[in-house]
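Spelled out, the chains give:
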Amino acid sequence: MELRHLRHFVTLAEEKHYGRAAGRLFMTQPPLSASIMRLESELGVQLFDRDSKHVRLTRAGEALLARARDIVLQADK
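Here, residues in each chain are numbered from 1, in the same order as that chain's written sequence. With the structure being a predicted model, the display of local features is reserved for residues of pLDDT at least 70 and the display and counting of side-chain atom pairs for 80 or more, all residues being used for whole-chain, interface and lining totals. Heavy atoms from the whole structure form the basis of all side-chain values; hydrogens and water molecules are not counted.

Its location among the elements puts His5 in helix 1 (residues 3-15). The cut-offs for exposure are 20% and 50% of the maximum accessible area for each residue type, with area from a 1.4 Å probe on protein chains only; residues under the lower value are buried, those over the upper are exposed, and the others partly exposed. His5 sits in the buried class, given a relative accessible area of 2%. Pairs of N or O atoms are called polar contacts if they sit within 3.5 Å, as long as, within protein, a hydrogen donor faces a hydrogen acceptor (for residues adjacent in sequence, only side-chain-to-side-chain pairs). Separated by 2.7 Å, the side chains of His5 and Ser35 make a polar contact. Throughout, a contact is declared for two residues whenever any of their heavy atoms are within 4.5 Å. Sequence-distant contacts of His5, defined by excluding residues within four places in its chain, comprise Ser35, Arg38 and Leu39. Secondary structure elements follow DSSP: runs of H or I no shorter than four residues count as helices, runs of E no shorter than two count as strands, and numbering proceeds from the N terminus.

A word on the nonpolar core. Ranked by internal contacts, the top residues of the largest apolar core, which has 20 residues, are Phe9, Leu12, Leu32, Ile36 and Phe48. Within the residue set of this core, elements represented by two or more residues are helix 1, helix 2 (18-24), helix 3 (29-43), strand 2 (55-57) and helix 4 (59-76). The element that contributes the greatest number of residues to this core is helix 1, accounting for five residues. Definition used in this section: a nonpolar core is a set of buried Ala, Val, Leu, Ile, Met, Phe, Trp, Tyr and Cys residues joined via side-chain atoms within 4.5 Å.

A separate point is helix 3. Structural remark: α-helix, 3.6 residues per turn; residues separated by three or four positions point the same way. Every helix has an expected span of 1.5 Å times one less than the residues it contains. Relative to the 21 Å expected for 15 residues at 1.5 Å per residue, helix 3 spans 21 Å between its end C-alpha atoms, a close match to the ideal helical length. Taken as a whole, helix 3 has its buried residues at Leu32, Ser33, Ser35, Ile36, Leu39 and Glu40. One side of helix 3 holds all its buried residues, which, seen down the axis, span an arc of 160°. Facing away from the buried side of helix 3 by over 90 degrees, the exposed positions are Pro30, Met37 and Ser41. In the core, the buried residues of helix 3 are packed alongside helix 1, helix 2 and strand 1 (48-50). Positive backbone phi, approximately 75°, marks Gly44, located one or two places after helix 3. Here the arc refers to the set of directions running from the helix axis out to each C-beta atom.

Here it is as structure tokens:
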């Protein structure tokens, strides 16, 4: 698991929109989507429910969010 994947996850969880999250991360949407899918594959769980207009955290995503935020904050320090 790479720190950047957790950073991408936290940003998408906060924005709940791939385009806005990608903008905040200074990247485009396709690499953000790939990063999230890689993290989900590595963890073996779906972190987001997605449809054409909405992005919502799953229970697994909710469980990861607080810990991921802590990890990102500690790494930034």
